Amino acid sequence: MNNIDVDLLARENVRRLVPYSSARQDYAGPASVRLDANENPYDAAANGLNRYPDPLQRGVKERLAELRGVGPERILLGNGSDEVLDFLFRAFCRPGIDRVLFFTPAYGMYRVLAGVNDVEVCAVPSDRDFLPDVEAALPLLKESTMKLTILCSPNNPVGNLIPRDRLERILHAASGLVVLDEAYIDFAPGESLLPELDRYPNLVVVQTFSKGWGLAGARLGAAFAAPEIVRILNRIRPPYNINALTQNLLPEYLGRHEEVRNRIETIIKERERLADTLQRIPCVLHVHPSRANFLLVRFRRADAVYHALLERGIVVRNMAHGVEGCLRITVGTAEENRLLAEALAPL
Ligand SMILES: *Cc1c(COP(=O)(O)O)cnc(C)c1O
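Since the model is a prediction, treat every value here as computed from it, not as a measurement. (Residues numbered from 1 in each chain as written. Predicted model: local features only at pLDDT ≥ 70, side-chain atom pairs only at ≥ 80, totals over all residues. Heavy atoms only, no water.)

Chemist: Where do I start with helix H12 (residues 302–311) in this structure?
Modeler: Helical periodicity: at 3.6 residues per turn, an α-helix aligns residues three or four positions apart in one direction. Of all the positions in H12, only Ala302, Val305, Tyr306, Ala308 and Leu309 are classed as buried. Mapping the buried residues of H12 onto a view down its axis gives an arc of 165°, with all of them on the same face. Elements that come into contact with the buried residues of H12 comprise strand S9 (294–299), strand S10 (317–318), strand S11 (326–330) and helix H13 (334–344). The positive-phi residue at the C-terminal boundary of H12 is Gly313, with phi of around 80°. (Buried < 20%, exposed > 50% of the residue type's maximum accessible area, 1.4 Å probe, protein only. Helix = DSSP H or I, 4+ residues; strand = E, 2+ residues; numbered from the N terminus. Arc of directions from axis to C-beta. Contact = heavy atoms within 4.5 Å.)

In structure tokens:
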């Protein structure tokens, strides 16, 4: 499906909505006396935090545009990518009418966001290789109420990549938007679909600074999509959703991508070493190959292993409600990974 009318996909109330115009948007020019936004005139923390942040988030967007090779008019920023995903639900899915599709096991927030927005979920089980079962999804993808199809590559909780041909089949078949969650893409460089954005008017690539960039506490995520899609999402975006601390920090930090790259390389090496170590431990049944910064590991008696680790102060993610018998283990520092292996060895 290559000719979509994004305006028709969006909810009618969003199309009709007059977006909130903040004081900073009404008049964005230079001024020496600012009495327009009911701010406090005293800079108590001495770093300009008494003023509202730039609602257009220009500094971050310009640097991000350079970094990703995507024009700023194709970028929407969110308070974490979870907020970006929520905007997509709210702008495109009519509560109680429209639906979303994703393949299970999946990142838990997709279902939560659907619940919050009263949107029905079509959960299609992944195939035996934990990849989207395109054949099973095909008739559903084509339905006009299927507003969002959410894919995740590298996938959470498994860590595998979705092959390009499957992504393309889904993009061609879907009558709604295809949201590709690339939260872990910095660990699989060269695999992003971002360079193909122009080819797919229904593609929304979602990325985050929480994982590879190491900024989970700053809460910054982004959607990359056609300008028409970004315009619609901007209609419902609160004007100050990216705080001043994050907006001030990011432009300089984005320039340090060499350093970030090196840390990612270290994590990838540690992941491979940890996978190797785990495979030799008796209670480990299988380590799923991963392109992300975590390993999905099948254990003999996963629940008991989970609690035994907790007793030693080591917390991993119990996947009992997603992938039976598995724990999801984030790759830590060499020392943290050593402590984990040491704790697992006698179990
Ligand atoms: C961690 C994660 C996110 C959320 O990232 P934030 O930007 O921190 O909100 C989104 N999707 C997946 C698959 C994740 O694992």
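Chemist: Mind showing me how you'd approach the nonpolar core here?
Modeler: Across soluble globular proteins, nonpolar side chains show a tendency to be buried alongside one another. Formed by 49 residues in total, the largest nonpolar core has its most connected members in Leu64, Leu77, Leu101, Leu151, Leu203, Phe209 and Phe224. Leave out the neighbours within four places in its chain, and Leu203 touches Leu171, Val178, Leu180, Leu193, Leu197, Phe224, Ala225 and Ile229. Grouped together as the second largest cluster of nonpolar side chains are 35 residues, Ala10, Phe102, Leu113 and Val179 included. (Core = buried A, V, L, I, M, F, W, Y, C linked by side-chain atoms within 4.5 Å.)

Chemist: Explanation requested: the site of the ligand in the structure shown.
Modeler: Lining the immediate environment of the ligand, one finds 14 residues, of which Asp181, Tyr184, Thr208, Ser210 and Lys211 sit closest. Contacts to the ligand include Asp181, whose side-chain N or O atom sits 2.6 Å from a nitrogen atom. Ser210 places a polar side-chain atom, nitrogen or oxygen, 2.6 Å from an oxygen atom of the ligand. Protein coverage of the free-state accessible area of the ligand, which is 390 Å², stands at 94%. Residues belonging to the shell around the ligand are distributed by class as follows: five nonpolar, five polar and four charged. (Near = heavy atom within 4 Å. Polar contact = N/O pair within 3.5 Å; in protein donor to acceptor, adjacent residues only side chain to side chain. Areas by Shrake-Rupley, 256 points an atom, 1.4 Å probe, with all protein chains shown as cover. Nonpolar A, V, L, I, M, F, W, Y, C, P; charged D, E, K, R; others polar.)

Chemist: In this structure, what is going on with the pattern of salt bridges? I would like to understand it.
Modeler: Opposite charge on two side chains lets them pair, provided their charged atoms get close. A full pass over the atoms with the stated rule returns 26 salt bridges. Of the charged contacts in the structure, one is a salt bridge between Arg34 and Asp36, with a shortest N-O distance of 3.1 Å. The exposure class of Asp36 is partly exposed, given its relative accessible area of 32%. As a salt-bridge pair, Asp86 and Arg90 come within 3.1 Å of each other at their nearest N and O atoms. (Salt bridge = Lys/Arg side-chain N within 4 Å of Asp/Glu carboxyl O.)

Chemist: I'm lost on the sheet that holds S11 in this one. Help?
Modeler: Strands belonging to one sheet form pairs held by backbone hydrogen bonds; the direction of such a pair is parallel or antiparallel. Read across the sheet, four strands follow the order S8-S9-S11-S10 without closing on themselves; strand pairing throughout is antiparallel. In this open sheet, the two edge strands, each paired with only one partner strand, are strand S8 (284–287) and S10. In the sheet, S9 pairs with S11 via five bridges, with the strands oriented antiparallel. Residue Leu295 lies in a different strand from S11, and its bridge partner there is Ile329. With respect to the sheet, helix H11 (residues 257–279) is in contact with S8, S9 and S11, its orientation differing from that of S9 by roughly 10°. (Pairing = 2+ DSSP bridges. Axes fitted to C-alpha atoms, helices over the stretch in contact; angles between N-to-C directions.)

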